[in-house]
Amino acid sequence: MTEPLHIIGGGMAGSEAAWAAANLGVPVVLHEMRPRVGTFAHRTGDFAEMVCSNSFRSDDHERNAVGLIHWEMRQAGSLVMEMAHRHRLPAGGALAVDREPFAAAVTAKLKSHPLISTSCEEVTSLPSSGRWIIATGPLTSPALAESIRAATGAEALAFFDAIAPIVYTDTIDMSVAWLQSRYDKGDTEDERRAYINCPMTRDQYEAFIDALLAAEKTEFHEGETAGYFDGCLPIEVMAERGRETLRHGPMKPVGLTNAHQPDVKPYAVVQLRRDNKLGTLHNMVGFQTKMKYGAQTSVFRMIPGLENASFARLGGIHRNTFINSPTLLDAQLRLKSRPYIRFAGQITGVEGYVESAAMGLLAGRMAAHETLGRELPPPPPETAMGALVTHITGGAEARTFQPMNVNFGLFPPIDARGGRRGRHDRYKAYTDRAKQAFTAWLSG
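Residues numbered from 1 in each chain as written. Predicted model: local features only at pLDDT ≥ 70, side-chain atom pairs only at ≥ 80, totals over all residues. Heavy atoms only, no water.

Undergrad: Please set out unusual backbone geometry residue by residue, giving values where relevant.
TA: The phi dihedral of R57 falls on the positive side, at around 70°, and the residue is not glycine. Within the fold, R57 resides in strand 3 (residues 55-58). If you check the backbone angles, Y183 has positive phi at about 60° while not being a glycine. With respect to the helices and strands, the residue Y183 is situated in the loop between strand 10 (178-179) and helix 6 (189-192). (Helix = DSSP H or I, 4+ residues; strand = E, 2+ residues; numbered from the N terminus.)

Structure representation (structure tokens):
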């Protein structure tokens, strides 16, 4: 009988790893401590529960690195991408999902697979034998995190991730706000009207920034350091970097026309994205925060259109952990000191649902091939998955290693011979090259 593959963690990475390995014929035991042992961020015991955003970000596979990794995952039989497509919500050019039905569908598929069994016992230490994938994500339990730290001889790295608030849609004043995706992106009317936009004048924006900076914030515990990931900064931290930072970030007014006053250009715009299929909930885009709950309510109700808003969930902040992968992992995502253990997902230092799921898919395929007596090489660095795994297992500077989203800066440069390419054409060249390389790797 084939030796089972044990996977710790039923998030995006663990779910993808289990699905990938089982579909290659390897029996899997998926260990997820929830709901028996909960976390402050999770609400259910479902696999692949989305706790921060409900978006997998851009689905443009021709000119966006995130969309490209979507494409690669679909080609490789991704469960997360399949279920995301089934439960997608209008979001312009992004792939957003109805999060609860999405997680329930992933859970049902995994539990019905004949080669996957599940365990809800907490794993508190690194195993000493067998074949394992650690995919416990940014909320690794303290006992297991300590075991990892002891085994690697390295201090766990940490950064803080913040959760954006969710608003009840029927409490948004649509006589002030309007529906529009930035630059009217999308193939359908629903897609082109996927976001609720709340406009601000300059005076309103300045007052909002003043209130944001003055609001009471969550304090850190002694010994903790606020090392934020730049792609998920709390809005108050962005505001501290300069009063115009938010207006050029999540509150940028470009690509939007106020339907109520088309001749008046907003100075800043707050966008809200649909968070469930019914459209009863909307997520404040880019509004991760560490303000205390009372402060959040008063500050966010300063936003035009949200004066009477009710919140289904306020923002929060939590500590994420990840390992120094360039030092600790080989190109097969194996722990160099214990090669029977692989790591996958956010704990490896990738950032985002998509990147985590992709590394889980890759770890699952690699572990399955190894179990079956052969080795699967990493995808070529010209691909999105290959660029990401190359970065975390050696391409990054170990001394300054920080979480990273997939982006074209991680790819080998495109040959510029034949004339200078504009960004539009250059990105298309990256994705064309990647698709060819990934297809060859997948069939190899």
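Undergrad: Would you mind going over the pattern of salt bridges in detail, with residue names and values included?
TA: Scanning the entire structure with this criterion turns up 22 salt bridges. With its nearest N and O atoms 4.0 Å apart, the salt bridge here joins R193 to E189. You can call R193 partly exposed: its relative accessible area is 41%. For R243, the salt bridge goes to D210, with nearest N and O atoms at 2.9 Å. Taken together, the residues span a long stretch of sequence, with R243 in the loop between helix 8 (235-240) and strand 12 (268-274) and D210 in helix 7 (residues 202-214) at a distance of 33 residues. Via salt bridges that share partners, E3, R131, D330, R334, R342, E370 and E375 belong to a single interconnected network. (Salt bridge = Lys/Arg side-chain N within 4 Å of Asp/Glu carboxyl O. Buried < 20%, exposed > 50% of the residue type's maximum accessible area, 1.4 Å probe, protein only.)

Undergrad: Before we move on, can you summarise the environment of K265 with the specific residues and values?
TA: Within the element layout of this structure, K265 appears in the loop between helix 8 and strand 12. With 37 residues separating them in the primary sequence, K265 and M302 have C-alpha atoms 19 Å apart. Apart from the residues lying within four places of it in its own chain, the contact partners of K265 are P253, V254, G255 and L256. Within polar-contact distance, the side chain of K265 engages the backbone oxygen of P253 at 3.3 Å. Polar side-chain contacts of K265 include one of 3.4 Å to the backbone oxygen of L256. (Contact = heavy atoms within 4.5 Å. Polar contact = N/O pair within 3.5 Å; in protein donor to acceptor, adjacent residues only side chain to side chain.)

Undergrad: Tell me what's going on with helix 7, and back it up with residues and numbers.
TA: If you check helix 7, its first and last C-alpha atoms are 18 Å apart, about what 13 residues at 1.5 Å a residue would give, namely 18 Å. Of the residues making up helix 7, those classed as buried are Y205, F208, I209 and L212. Looking down the long axis of helix 7, one finds its buried residues gathered within 100° of arc, a one-sided arrangement. Turned more than 90 degrees away from the buried face of helix 7, the exposed residues are D203 and A214. Where helix 7 is buried, its residues contact strand 11 (195-200), helix 8, strand 12 and helix 9 (293-300). (Expected span 1.5 Å × (residues − 1). Arc of directions from axis to C-beta.)

Undergrad: Hey, could you go over the packing of aromatic side chains for me, with residue numbers and the actual values?
TA: A ring pair, where both rings are aromatic, is described by two values, the distance of the centres and the angle of the planes. Within the structure shown, the criterion is met by 13 aromatic pairs. With 5.0 Å between their ring centres and 15° between their planes, F408 and Y430 make a pair best called stacked. Separated by 22 residues along the polypeptide, F408 in the loop between helix 12 (384-395) and helix 13 (423-443) and Y430 in helix 13 bring together distant segments of the chain. Both residues of the pair, F408 and Y430, count as buried. An aromatic cluster is defined as three or more aromatic residues linked by ring pairs; in this entry it consists of F208, F287, F300 and F311. Its guanidinium or amino end placed over the ring of Y267, R247 lies 3.9 Å from that ring's centre, counting from NZ or CZ. (Phe/Tyr/Trp six-rings, centres within 6.5 Å; stacked < 30°, edge-to-face > 60°. Lys NZ or Arg CZ within 6 Å of the ring centre and 35° of its normal.)

Undergrad: Hey, could you go over the sheet that holds strand 1 (residues 5-8) for me, with residue numbers and the actual values?
TA: Reading across the sheet, the six strands line up as 6-2-1-7-17-16 and stay open at both edges, with mixed pairing between neighbours. Across the chains shown, the open sheet's two edge strands, defined by having one partner strand only, are strand 6 (116-119) and strand 16 (334-335). Pairing geometry for strand 1 and strand 7 (residues 131-134), over four bridges, is parallel. For I8, the partnering residue across the bridge sits in strand 7 and is I134. (Pairing = 2+ DSSP bridges.)

Undergrad: If you had to explain the pairing of strand 12 to someone new, which residues and values would you point to?
TA: Of all the seven residues making up strand 12, six are buried; the element is thus mostly covered by neighbouring parts of the structure. As defined by bridge partners, strand 11 adjoins strand 12 across six bridges and the pair is classed as antiparallel. Among the inter-strand pairings, I196 is bridged to a residue of strand 12, identified as L272. Looking at chain direction, strand 12 and strand 13 (residues 281-284) are connected through three bridges and run antiparallel. In the strand pairing of strand 13, R274 is matched with H282. Between the end of strand 12 and the start of strand 13, which pair antiparallel, lie six residues, with G279 showing a positive phi angle near 75°.

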